[in-house]
Amino acid sequence: MLTLEKFEEASEIVKRVTNPTKLIYSEYLSEQVGGKVYLKPENMQHTGAYKLRGAYYKISTMTEEERARGLITASAGNHAQGVAYAAKAFGCKATIVMPTITPLIKVNRTKSYGAEVVLHGDVYDDACAYAYELAEKHGYTFVHPFDDLDVATGQGTIAMEIVQELPTVDYILVPIGGGGLVTGVSTLAKMLNPKIKVIGVEPAAAASMTAALAAGEVVSLDSADTIADGTAVKQVGEKIFPYVQENVDEILQVEDDELIGAFLDMVENHKMIVENSGLLSVAALKQLDCKGKKVVCVLSGGNMDVITMSSIVQHGLIQRDRIFSVSVLLPDKPGELVRVAATIADAQGNVIKLEHNQFVSTNRNAAVELRITMEAFGTEHKHKILDALEEKGFRPKLISAKLY
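Below: a short report on this structure. (Residues numbered from 1 in each chain as written. Predicted model: local features only at pLDDT ≥ 70, side-chain atom pairs only at ≥ 80, totals over all residues. Heavy atoms only, no water.)

Quick word on empty space enclosed by the protein
Moving on, step 1. Counted by the stated rule, this structure contains one cavity of 30 Å³ or more.
Moving on, step 2. What lines the largest cavity is a set of 29 residues, and nearest its centre among them are Y50, K51, G177, G230 and T231.
Moving on, step 3. Those elements that place two or more of their residues in the lining of the largest cavity are α5 (78-90) and α9 (180-192).
Moving on, step 4. For the lining of the largest cavity, the element with the most residues is α9, which contributes three residues.
Moving on, step 5. For the lining of the largest cavity, a count of residues per class yields 11 nonpolar, 14 polar and four charged. (1 Å grid on protein atoms, 1.4 Å probe; cavity = no way out; pocket = protein on both sides within 12 Å on 5 of 7 lines; lining within 4 Å. Points joined across faces, edges and corners; volume = space filled by probe spheres on them. Helix = DSSP H or I, 4+ residues; strand = E, 2+ residues; numbered from the N terminus. Nonpolar A, V, L, I, M, F, W, Y, C, P; charged D, E, K, R; others polar.)

As structure tokens, this is what we get:
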């Protein structure tokens, strides 16, 4: 069972390896939702995620014989690093099975802590099945990433810190993958103050907890296809599920597109890199009535490779109309390109890329195509630029924007 005594013990033990992640007040998000929003930046941990808490506490409860056999786990990345780091601290061997699609940064960092990494399967569930096979074959001690009460206890130490720092917190928003984090946080939060509402958030394309709650039992999704790779879990944990049923007040779902916008907000307004799974709590804020409430969003991790980051930024700028492309047809004669550029400049648009195609028509005097990718301040400014081009007779046609 999850007990207050165990949570208190875990809170002291994890301090040996965790960074103090003090709450950050977000003026930007508070203005957006009308309440007081605080961020719990677990992305600032040594391993870039909260998972170190559960892994370290779990290993601390093991016998010397269990550690000596070597540890094994499966993970999409953050638990992998937590186990690898904790195993190194305890001086034991660790083998980590990760899905083949795991971002390179997570693979390399896991290896850097001395663990052996095995890539297998497309999603966490595939990797987990293979890890169990290896555990049985070699006699390793399995450290489950979420369906383990000791692991959940370690994760729940986050709630202890939140309540100690902000005793009057009203809502705690927690990302959900397999359910270990939300189990620990919700169970301890209710022990400390039953009035605190704990709200779980999962990607809409991998809503395994929502499905389980609807069915009244753990079920397996057909797929878990989401950019929130750390929470792409098809089946939540059976051991922790009853605690979620009892202690989690609500489950919200977030679309992938909303995570893109949340990433931009976090980078621009807080100068922080938070991975897509870690942003679930922030992206869900607009679904809640936060007026007059004190809300804590748990940022569960920040392990994101640069290529993914670049793609998210590009899609986010396009999504928010800060980058867009138009096609205009011009007569093929000197001065036309200058006229277009001057019109955009007068409207304070910034041209990023031009493509001039003389072969769009067999009659070049009638029309050549100019494709313009430009930067704007947002949707309103974009429409002002389009109106300016229209007034000059260019008849701009919006086309799909690409920066490459």
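Quick notes on the side chain of S30
Moving on, step 1. As for its position among the elements, S30 is in helix α2 (residues 27-33).
Moving on, step 2. From its side chain, S30 meets the backbone nitrogen of V37 in a polar contact 2.9 Å long.
Moving on, step 3. Apart from residues lying up to four places away in sequence, S30 is in contact with Y25, G35, K36 and V37. (Polar contact = N/O pair within 3.5 Å; in protein donor to acceptor, adjacent residues only side chain to side chain. Contact = heavy atoms within 4.5 Å.)

Side note on the environment of V248
Moving on, step 1. Following the sequence through the fold, V248 ends up in the loop between α11 (241-247) and β9 (250-254).
Moving on, step 2. Judged by its relative accessible area of 12%, V248 falls in the buried class.
Moving on, step 3. In this structure, the C-alpha to C-alpha distance between V248 and V198, residues 50 residues apart in sequence, is 5.4 Å.
Moving on, step 4. Once residues lying within four places of it in the same chain are set aside, the contact partners of V248 are V182, S186, V198, G200 and Y243. (Buried < 20%, exposed > 50% of the residue type's maximum accessible area, 1.4 Å probe, protein only.)

Nothing here speaks to function; it is all geometry.
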